[in-house]
Structures are given as structure tokens and as C-alpha cells.
Amino acid sequence: MMGFKKIFDFYIKSSIHVALAVYALLRMTHFVFHISADQAMANFAFFGTIVGYNFVKYDALARAQKKQMRNELKIIAVLSLFSLIGVGYYFFQLQLITQIVSVGVLGLTLLYTLPFFPNRRNARNWAGVKIYIVALCWVGVTLVLPVVNAHISLGLDFYLKCVQRFILVFVLILIFEILDLANDDPHLHTVPQQIGVRKTKMVGLLLLLPFYFLEFLKANFIEEQLIVNLVLVLALTLFIIFANEKRSSYYTSFWVESIPIFWWLMVVFF
């Protein structure tokens, strides 16, 4: 049993699970815009997420403990290295315009991680900014890149989906921030730090309304998609209501991050 727990913890800590969530959202984009399977784009996003998230999580730790890195961290570093090779390989299979846009998303990720400006911390520590940068990165990778790579015209449906996707990721991050409230630096000014847990939950629940009803504004919305989205909204509602600081870290690191995968699987099976 302990062996399974170690494997499961490694699966979470190495960012494989969050990479699958990104992969699932990108596949949702393929479905919504009727894009034929673009495996290079999907793999680029999957491996890029592993590299990006591990860099954000472990860069400072790795530099501080160069001489005494734990075995687990070494394995994650090796996984990240192979993922970086995968990113490079699939990058050159993308359209030129997609490569350019992906570099822009990379720049946003680096801004989030590295202190580019003198006497300033990285964007991850800028008061109140973190949630917006992360949500924009997810929209860029899971929606903008695959649409651009497929040369889909950027009409009303695209912009509606961008708003809808941003809301989804924003709500998911709100749940993370509620659970991390006790450990987050007060200077981060996360949403729960600024308005409290109860009001943060209300914001999350209210945002689910435009997330759902934006579907009706699409040129050709599908009734089955409305049903799938309703199930998703109900699941998100429960996760928001039951979120609190005493929950296990698995509540967010596994279950909440499984929501995009659950959403995609519902589409696949329905």
C-alpha cells in the first residue's frame, strides 16, 4: 500500500496529473472547433506543462539544494529533462504562427517565475496578480494555441470560449487559494485573503452562471454539451461549497485538477 502511495504522490508532485488536465482541455478545444486530432499540438502542451509546472515549483528548491537533492527531486528533474526534449521535438511540428504565440505564453510563464525587474520579486509574488497570469496561461495553451495551429478563424465563438475557459480556470484556482489560505504569504493578496473564504465561495459560485450561459451565445450550440456543462457546473459547485483549509492537499492536487479530465471524458462518452 505504501508503494502505491509513493507512486501516486510522485504522479502528483511531478505534475503529470496537471499535464493530463491541460491535455484534456486542449482535446476539448479540438472537439468544440471540430479540429481533427492534432497529436503534435496535444503532446507539446502535455510535455510543456510538465516542464513549466516543475520549473515553477522546484527551480528555487533545486538551486538551494544542489548538493543534497532528494532522490524524488532528482527523478522529477530527469522527467522534466525528457519532457523538455519532447517539447522541443513537437515545437518544430507546429505552424510558425503557433510557435510565435507559444513563445509569448512561455514569456508569461517565465515572468511568473523569474524576477525580471530590479528589486522586484517574480510575478508569482505580485499582490493579486497570480490568479490572472495562471488563468491566462491556461487559456493560451489549451485554447489559443490549438485554434491558431489549425488556422481556425477567430470569430465570436472563439472569444466566447476564451472567456468561458478563463472563468473555469479562475474558479479552479479559487478553490486552491481557499485550501492554501493558511500557508500563503499574506503579501500575495489572494482572493480569500482579501475578501474572506465565504465571499470567495460566493464569487466562485456566481462565476459559474456566465460560464454555463455563455454556451447559449454560440452560433451553433449542441444540446448534449449543455447537459455535460450542467454536470460540470454541479460538480464545481460541490467542490466550492466543501472547500476549506482543513481539507487534504489531495482535494485540490488530485480531485479538483481532475475536473478538466472529467469534463473531457464526459464529452468522449456522450
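Residues numbered from 1 in each chain as written. Predicted model: local features only at pLDDT ≥ 70, side-chain atom pairs only at ≥ 80, totals over all residues. Heavy atoms only, no water.

(A) Fine view of the overall build of the protein chain. Of regular secondary structure, the protein chain possesses 12 helices and zero strands. Put simply, the protein chain runs from its N terminus to its C terminus through helices and strands in the order α-α-α-α-α-α-α-α-α-α-α-α. Taken over 270 residues, the protein chain has a buried fraction of 47%. For the protein chain, restricting intrachain contacts to residue pairs at least 6 apart in sequence, the fraction spanning at least 24 positions comes to 73%. Summed over its atoms, the accessible surface of the protein chain is roughly 14,300 Å², and 69% of this surface lies on carbon and sulfur atoms. (Helix = DSSP H or I, 4+ residues; strand = E, 2+ residues; numbered from the N terminus. Buried < 20%, exposed > 50% of the residue type's maximum accessible area, 1.4 Å probe, protein only. Contact = heavy atoms within 4.5 Å. Areas by Shrake-Rupley, 256 points an atom, 1.4 Å probe, with all protein chains shown as cover.)

(B) Looking closely at the packing of aromatic side chains. Applying the stated rule across the entire model yields 20 aromatic pairs. Aromatic pair Y212 and F216: ring centres 5.9 Å apart, planes at 70°, arrangement edge-to-face. With a relative accessible area of 14%, Y212 lands in the buried category. Its relative accessible area of 36% is what places F216 among the partly exposed residues. In this structure an aromatic cluster arises from ring pairing among F4, F8, Y11, Y250, F254 and W255. (Phe/Tyr/Trp six-rings, centres within 6.5 Å; stacked < 30°, edge-to-face > 60°.)

(C) Representation of the side chain of K201 within the structure. By the secondary structure assignment, K201 is in helix 9 (residues 197-213). For the buried residue K201, which engages in no salt bridge, the nearest side chain bearing the opposite charge is E245, 9.2 Å off. If we ignore the near neighbours within four places in the chain, the residues touching K201 are I178, I240, I241 and A243. (Lys, Arg positive; Asp, Glu negative; His and termini not counted. Salt bridge = Lys/Arg side-chain N within 4 Å of Asp/Glu carboxyl O.)

(D) Region of interest: unusual backbone geometry. Positive phi values are uncommon outside glycine, yet H34 reaches one of about 55°. Along the chain, H34 turns up in the loop between helix 2 (16-32) and helix 3 (39-64). For H34, a relative accessible area of 68% corresponds to the exposed category. Despite not being glycine, H151 has its phi angle at roughly 60°, a positive value. Looking at the element boundaries, H151 is found in the loop between helix 6 (130-149) and helix 7 (156-179). H151 sits in the exposed class, given a relative accessible area of 57%.

(E) Quick look at the nonpolar core. Judged by nonpolar contacts, the single largest core of 68 residues is most densely connected at F44, W138, L168, I175, L232, L236 and W263. Counting only elements with at least two residues in this core, the list comes to helix 2, helix 3, helix 4 (71-91), helix 6, helix 7, helix 9, helix 10 (223-241) and helix 12 (259-269). Take this core: its biggest share by element is 14 residues, from helix 7. Those residues in contact with I175 that sit more than four places away from it in its chain are F239, I240, A243, Y251, T252 and V256. (Core = buried A, V, L, I, M, F, W, Y, C linked by side-chain atoms within 4.5 Å.)

Interpretation in functional terms is not warranted from these geometric data alone.
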